[in-house]
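Below are the chains, spelled out letter by letter.
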Amino acid sequence: MIKRSAKEDYYGGKWVFPGGKVEKGEDVIKAMLRELKEEVGVDVQRKVSFLRSYTFLRNDGSSTIGLVFCLKYKKGKVRLDKNSEDFCWILPEEIYNFDTIPG
């Protein structure tokens, strides 16, 4: 998980899964692999397990659909982008120990 910078407009200071938008012509899995590389600098194996989806409202009234996958780390040193201030590896049941966005 990554902790968003407190300066971020959307959910600043909250713990979230790395993520982002699917670009035109990109499928969900390719987008996920790209976003992980961009946001935290790691590669994961292409074998993924879908866990769940969720919807949350943004401050501007728009909504976002999130897709959660279980992945296996392959390589790379965690390197946070400018929008994040911390990271941690967790077990699924540990999610309830963090101040996260509603989902």
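Residues numbered from 1 in each chain as written. Predicted model: local features only at pLDDT ≥ 70, side-chain atom pairs only at ≥ 80, totals over all residues. Heavy atoms only, no water.

A. Molecular detail of the overall build of the protein. Helix and strand counts for the protein stand at 1 helix and 7 strands. Dimensions of the protein, computed from the C-alpha atoms along their principal axes, are close to 35 × 30 × 30 Å. Buried residues in the protein amount to 27% of all 103 residues. When contacts within the protein are restricted to residue pairs at least 6 apart in sequence, those whose partners lie at least 24 apart make up 52%. For the protein, the exposed area adds up to about 7,300 Å²; of that, 52% sits on carbon and sulfur atoms. Placing the 19 positive and 16 negative side-chain charges of the protein at their respective mean positions leaves the two points 5 Å apart. (Helix = DSSP H or I, 4+ residues; strand = E, 2+ residues; numbered from the N terminus. Buried < 20%, exposed > 50% of the residue type's maximum accessible area, 1.4 Å probe, protein only. Contact = heavy atoms within 4.5 Å. Areas by Shrake-Rupley, 256 points an atom, 1.4 Å probe, with all protein chains shown as cover. Lys, Arg positive; Asp, Glu negative; His and termini not counted. Charge placed at Lys NZ, Arg CZ, Asp CG, Glu CD.)

B. Expanded view of the environment of Tyr 10. Within the secondary structure, Tyr 10 sits in the loop between strand 1 (2–4) and strand 2 (15–16). Here Tyr 10 falls in the partly exposed class, since its relative accessible area comes to 27%. The spacing of Tyr 10 and Asn 59 is 49 residues in sequence and 7.0 Å in space, taken between C-alpha atoms. Once residues lying within four places of it in the same chain are set aside, the contact partners of Tyr 10 are Arg 4, Arg 58, Asn 59 and Asp 60.

C. How the structure looks around the environment of Glu 39. Along the chain, Glu 39 turns up in helix 1 (residues 28–40). Of the residues examined, Glu 39 reaches a relative accessible area of 12% and is grouped as buried. Sequence-wise, Glu 39 and Pro 18 are 21 residues apart; in three dimensions their C-alpha atoms are separated by 6.6 Å. Once you skip the residues sitting within four places of it in the chain, Glu 39 turns out to touch Ile 2, Pro 18, Gly 19, Gly 20, Arg 79, Leu 80 and Asp 81.

D. Up close: the side chain of Ser 5. Along the chain, Ser 5 falls in the loop between strand 1 and strand 2. If sequence neighbours within four positions are ignored, Ser 5 has contacts with Gly 12, Gly 13, Lys 82, Asn 83, Ser 84 and Glu 85.

E. Quick peek at helix 1. For helix 1, built from 13 residues, the straight-helix expectation of 18 Å at 1.5 Å per residue is met to within 8% by its first-to-last C-alpha distance of 18 Å. Those residues of helix 1 that are buried lie in contact with strand 1, strand 3 (43–44) and strand 5 (63–70). A distance of 3.0 Å separates the backbone nitrogen of Ile 29 from a side-chain oxygen at the start of helix 1, and that oxygen is part of Asp 27. Following helix 1 by one or two positions, Gly 41 has its phi on the positive side, about 75 degrees. (Expected span 1.5 Å × (residues − 1). Polar contact = N/O pair within 3.5 Å; in protein donor to acceptor, adjacent residues only side chain to side chain.)

Shape is all these values report; function is a separate question.
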